[in-house]
Amino acid sequence: MMINSLDINKYTELYQDFLHPNPNINYQAFLILRKEFEVTFINNLLANLNVEDIHIRRKSILALGRFGGKILKLIVPLYIDTNNTAVKVSCLKTILKVVVNFKLEELTKDEMLVVDLALKDGAAEIILTVISILRQLGTTGRNILMKTCRDKDLLKAKASISALLEMKDHAVDDLFDELLNDKSIDPMIKEDILRGKII
């Protein structure tokens, strides 16, 4: 839906308020933009995931995270179609915000495809963000983390251990005992487990 010419000025003014550093002004503008200009506003926010200004990207991620599942349907192709690491990270952070805000414990098949692709990526920020998503996904996330904690990529393995340490679960405790007795596991991983168990 296009904005008619009479509404352009109103949209522009509200959008400037949305970018305002004052969180109250920002949030009030968000509410009106979501109510009166939803489609245009969402497209604007998605485009912002590709801008260099980190403050605009951060505001856009926070706003997109308030829209729920409808945003995830748009984030999936955006993630798949880009080679830009910053855009990929922004997409993952948006997924994380939706998962946390709406207390999701499962993602759709298409959304899990993004998670799988992110886990195969070599970029540190992508790995750390997707591990944060998995930490929020209940049993589904736990089961994946129980595999990724054995990964040859030490960053991925350590991040997975950190996420698992936050889960109070007998299956995780059993896994830790198994890893501690496995001679093929990196000593740094074992140190993380022992340190986490003490804490």
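The structure under discussion appears in the preceding block.
Within every chain, residues take consecutive numbers counted from 1 along the sequence as written. Given that the model is predicted, a residue must reach a pLDDT of at least 70 before its local features are reported, and side-chain atom pairs must reach 80 or more before they are shown or counted; all residues, however, enter totals for whole chains, interfaces and linings. Excluded from the side-chain calculations are hydrogens and water; all other atoms, namely the structure's heavy atoms, are used.

Student: Any chance you could explain unusual backbone geometry here in plain terms?
Tutor: Where the residue is not glycine, phi is negative for most of them; where a peptide bond is considered, it is trans in most cases. Positive phi is not limited to glycine here, since K103 has a value of about 50°. Secondary structure counts use DSSP, requiring at least four H or I residues in a row for a helix and at least two E residues in a row for a strand, with both numbered from the N terminus. Looking at the secondary structure, you find K103 in the loop between α6 (85-101) and α7 (109-119).

Student: Got a minute to help me understand the environment of N50 in this structure?
Tutor: Following the sequence through the fold, N50 ends up in the loop between α3 (38-48) and α4 (54-64). Judged by its relative accessible area of 52%, N50 is exposed. On a C-alpha basis, the gap between N50 and C91 in space is 10.0 Å, while along the polypeptide they are 41 residues apart. Whether two residues touch is decided by their heavy atoms; if any such pair falls within 4.5 Å, the residues are in contact. Ignoring sequence-local partners within four residues, the contact set of N50 consists of N84 and V87. Exposure classes here rest on a 1.4 Å probe applied to the protein chains alone. A residue is buried below 20% of its type maximum, exposed above 50%, and partly exposed in between.

Student: Quick question: what am I supposed to make of helix α12 (residues 187-198) here?
Tutor: An α-helical segment advances 3.6 residues per turn. Residues three or four places apart therefore align on the same side. Relative to the 16 Å expected for 12 residues at 1.5 Å per residue, α12 spans 17 Å between its end C-alpha atoms, a close match to the ideal helical length. Looking at α12, one finds that the buried residues are I189, K190, D192 and I193. The buried residues of α12 occupy one face: seen down the axis, they fall within an arc of 155°. In this structure, α12 carries P187 and I198 as exposed residues pointing more than 90 degrees from its buried face. The secondary structure elements touched by the buried residues of α12 are α10 (154-165) and α11 (170-180). Polar contacts here mean pairs of N or O atoms no more than 3.5 Å apart (in protein, one a potential hydrogen donor and the other a potential acceptor; neighbouring residues in sequence count only if both atoms are side-chain atoms). The N-cap of α12, judged by a side-chain oxygen 2.7 Å from the amide nitrogen of M188 a few residues on, is D186. Multiplying 1.5 Å by the helix residue count minus one yields the expected span of that helix. What the arc covers is the set of directions going from the helix axis to the C-beta atoms.

Student: I keep staring at a nonpolar patch on the surface and nothing clicks. Help me out?
Tutor: On the surface, I80, L113 and L117 cluster together into a nonpolar patch covering about 230 Å² of accessible area. Its location among the elements puts I80 in helix α5 (residues 69-81). Patch criteria: residues need more than 30% relative accessible area and no salt bridge. Like-charged residues are merged within 9 Å; nonpolar side chains of Val, Leu, Ile, Met, Phe, Trp and Tyr are merged within 5 Å. Accessible surface area values rest on a Shrake-Rupley calculation with a 1.4 Å probe, where residue burial reflects the displayed protein chains alone. We define a salt bridge as a side-chain nitrogen of Lys or Arg found within 4 Å of a carboxyl oxygen belonging to Asp or Glu.

Student: When you look at the nonpolar core in this model, what are you seeing that I'm missing?
Tutor: In globular proteins that are soluble, nonpolar side chains generally tend to be buried together. Core analysis: the largest hydrophobic core is formed by 61 residues, its most contacted members being F18, F41, I95, L107, I131 and L164. Broken down by element, the residue count for this core peaks at eight residues, all from α6. Excluding residues within four positions of it along the chain, I131 makes contact with L119, L145, T148, K156, A159, S160 and A163. Buried Ala, Val, Leu, Ile, Met, Phe, Trp, Tyr and Cys residues form a nonpolar core when they are joined through side-chain atoms within 4.5 Å.

That is the geometry; function is a separate question.
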